[in-house]
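Single-letter residue listing:
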Amino acid sequence: LSAVRDLFLSCHGEELTTLKTLLDAGGIYQNLFKLIYNDIWSHRVREEIVQHFRRESLKYRKRLGHPVGVKVLSDMDDTLTCSGGHFPAGCDKRYPRRTVYPGYLQLVQSLDRSW
């Protein structure tokens, strides 16, 4: 627990952003949210890490002079792609299975300020 806390608190600015992004990059259940809100059982340690995230994001944005970006967390079935009504993925039968919903990629692109 203290090693995770110490690692996060030792990272600042872009380095902290990179660490958080890497923790989410696997596309699996083991991610930043689970680590912070499920695996860290100490409320005090969790709050210390979350407050560090807040302070660092404000400093980083102020230094850059603009927002850093938006992270979109999204389900796949019946959000990005149509499930075709195949249980347990989803219930939408309006499009063939695995069809990317019209407008979804444009939405995500408009939220990503770096494009």
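For the structure itself, consult the block above.
Residues numbered from 1 in each chain as written. Predicted model: local features only at pLDDT ≥ 70, side-chain atom pairs only at ≥ 80, totals over all residues. Heavy atoms only, no water.

### A look at the overall build of the protein chain
Inference 1: Counting its secondary structure elements, the protein chain contains five helices and zero strands.
Inference 2: Along the protein chain, helices (α) and strands (β) appear in the sequence α-α-α-α-α when read from the amino end.
Inference 3: What you see for the protein chain is a C-alpha radius of gyration of 18 Å, clearly larger than the 13 Å of a compact globule of 115 residues, by over 25%.
Inference 4: Counting only C-alpha atoms and orienting by the principal axes, one finds that the protein chain spans roughly 50 × 35 × 20 Å.
Inference 5: Buried residues in the protein chain amount to 25% of all 115 residues.
Inference 6: Long-range pairs, those at least 24 residues apart, make up 37% of the contacts in the protein chain with a sequence separation of at least 6.
Inference 7: Of the roughly 8400 Å² of accessible surface on the protein chain, 58% is carried by carbon and sulfur atoms. (Helix = DSSP H or I, 4+ residues; strand = E, 2+ residues; numbered from the N terminus. Rg over C-alpha atoms; globule rule 2.2 N^0.38 Å. Buried < 20%, exposed > 50% of the residue type's maximum accessible area, 1.4 Å probe, protein only. Contact = heavy atoms within 4.5 Å. Areas by Shrake-Rupley, 256 points an atom, 1.4 Å probe, with all protein chains shown as cover.)

### Some thoughts on the pattern of salt bridges
Inference 1: Under the counting rule described, the total for this entry stands at six salt bridges.
Inference 2: Where R5 meets E48, a salt bridge forms, and the shortest distance between an N and an O atom there is 2.8 Å. In this pair, R5 is assigned in helix 1 (residues 2–10) and E48 in helix 4 (residues 43–64), connecting sequence segments 43 residues apart.
Inference 3: The class for R5 is partly exposed, based on a relative accessible area of 23%.
Inference 4: The class for E48 is partly exposed, based on a relative accessible area of 25%.
Inference 5: We note a salt bridge from E56 to K59, for which the minimum N-O separation is 2.9 Å. Highlighted residues: E56 and K59, both in helix 4, separated by three residues, approximately one helical turn.
Inference 6: Residue E56 is classed as buried on the basis of its relative accessible area of 7%.
Inference 7: Within the structure, one salt-bridge network assembled from shared partners comprises R5, D6, R44 and E48. (Salt bridge = Lys/Arg side-chain N within 4 Å of Asp/Glu carboxyl O.)

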